[in-house]
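Spelled out from the first residue to the last, the chains are:
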Amino acid sequence: MSSWYGDAPYTYSSLTWPARPWPPALSEIKAQVESLAGTSFNGVLANLYRDGLDSMGWHADDEPELGPDPVIASVVFGADRRFVFRRKGDTAEKIEVPLGNGDVLIMGPGTQRRWQHGVPKTAKPVGERINLTFRRII
Ligand SMILES: O=C(O)CCC(=O)C(=O)O
Ligand SMILES: [Mn+2]
């Protein structure tokens, strides 16, 4: 389950999300991740993983409206889930980044061009997880 907040519309997985005003809590988090990432964002995709069956398949956030080499900041709340990277050209090796409640992952230049990432399903009993990915629509 996802929703988009931002100054511009965003097309993601063939769906177009309209521009939507920033709730105060999200603009506060945005300001903090902007200072961590050293760049500015104008939208956030919020994802809710209700349990271990909710997942995110392999993908790169490389839509044209993010520009040629976007920086994306990801903030996690709630349950621990596996967050995994694999190279676009060599998918055998997986690199897992442990992300827990309150963690921030900055996916810097080159990440979306060269890597895919995803959050696999898990059979373990896990609670809800919310992920915020801050993006810049050009
Ligand atoms: O939930 C996550 O940690 C990743 C979400 C993600 O990759 C996305 O929204 O593009
Ligand atoms: Mn992504």
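It should be emphasised that the depicted structure is a prediction, and the values quoted were computed from it without experimental measurement.

So, about the site of ligand 1. Near ligand 1 lie 14 residues; those nearest to it are Asn47, Tyr49, His117, Arg129 and Arg135. Here an oxygen atom of ligand 1 and a side-chain polar atom of tyrosine 49 are 2.5 Å apart. In the model, an oxygen atom of ligand 1 is placed 2.8 Å from a nitrogen or oxygen of the arginine 129 side chain. Considering ligand 1 on its own, with 290 Å² of exposed area, one finds that the protein chains cover 100% of that surface.

Strand pairing in a sheet relies on backbone hydrogen bonds. The paired strands run either parallel or antiparallel. Spatial strand order, β1-β4-β11-β6-β9: five strands in an open sheet with antiparallel pairing. In the strand order of this sheet, the two ends are held by β1 (2-6) and β9 (104-107), each with one partner. Across this sheet, the average inter-strand angle for adjacent strands is 20°, counted without regard to direction. The sheet contact formed by strand β6 (residues 72-78) and β9 spans four bridges and is antiparallel. Each residue of the ladder has a partner; that of isoleucine 72, found in β9, is methionine 107. Across the face of the sheet, helix α1 (residues 24-37) comes into contact with β1, β4 (43-49), β6, β9 and β11 (129-135) while running at roughly 60° to β11.

We now examine the coordination of the manganese ion (ligand 2). The manganese ion (ligand 2) binds to the protein through His59 (NE2), Asp61 (OD) and His117 (NE2), with metal-donor distances spanning 2.1 to 2.2 Å. Along the chain, the residues that donate to the manganese ion (ligand 2) are spaced as H-x1-D-x55-H. Of the two residues, aspartate 61 sits in the loop between β5 (56-59) and β6 while histidine 117 sits in strand β10 (residues 115-119), which places them 56 residues apart along the sequence. Considered together, aspartate 61 and histidine 117 belong to a single accessibility category, that of buried residues.

Thresholds, definitions, all that
What you see as residue numbers is a count from 1 along each chain, following the sequence as written. Chains and ligands are labelled sequentially in the order written, the chains with letters from A and the ligands with numbers from 1. Restriction of local features to residues with pLDDT of at least 70 applies here, the model being predicted, together with a cutoff of 80 or more for giving and counting side-chain atom pairs; totals for whole chains, interfaces and linings are based on all residues. For side-chain calculations, the full set of non-hydrogen atoms in the structure is used, while hydrogens and water are omitted. Being near a molecule or strand, for a residue, means having at least one of its heavy atoms within 4 Å of it. Under the rule applied, a polar contact is a pair of N or O atoms within 3.5 Å (in protein, one hydrogen donor and one hydrogen acceptor; residues adjacent in sequence only if both atoms are side-chain atoms). Per-residue accessibility takes into account occlusion by the displayed protein chains alone, with areas from the Shrake-Rupley method and a 1.4 Å probe. At least two bridges found by DSSP between two strands are what make those strands a pair. Counting from the N terminus, the helices are DSSP H or I runs at least four residues long and the strands are E runs at least two residues long. Axis definition: a line fitted to C-alpha atoms, limited for helices to the stretch in contact. Angles are taken between N-to-C directions and run from 0 to 180 degrees. By the convention used here, residues are in contact when the closest approach between their heavy atoms is within 4.5 Å. Each metal's donors are the N, O and S atoms within 2.8 Å of it, or within 3.2 Å when it is Na, K or Ca, and because water is not part of the set, sites may look incomplete. Using a 1.4 Å probe on the protein chains alone, a residue whose accessible area is under 20% of its type maximum counts as buried, one over 50% counts as exposed, and one in between counts as partly exposed.

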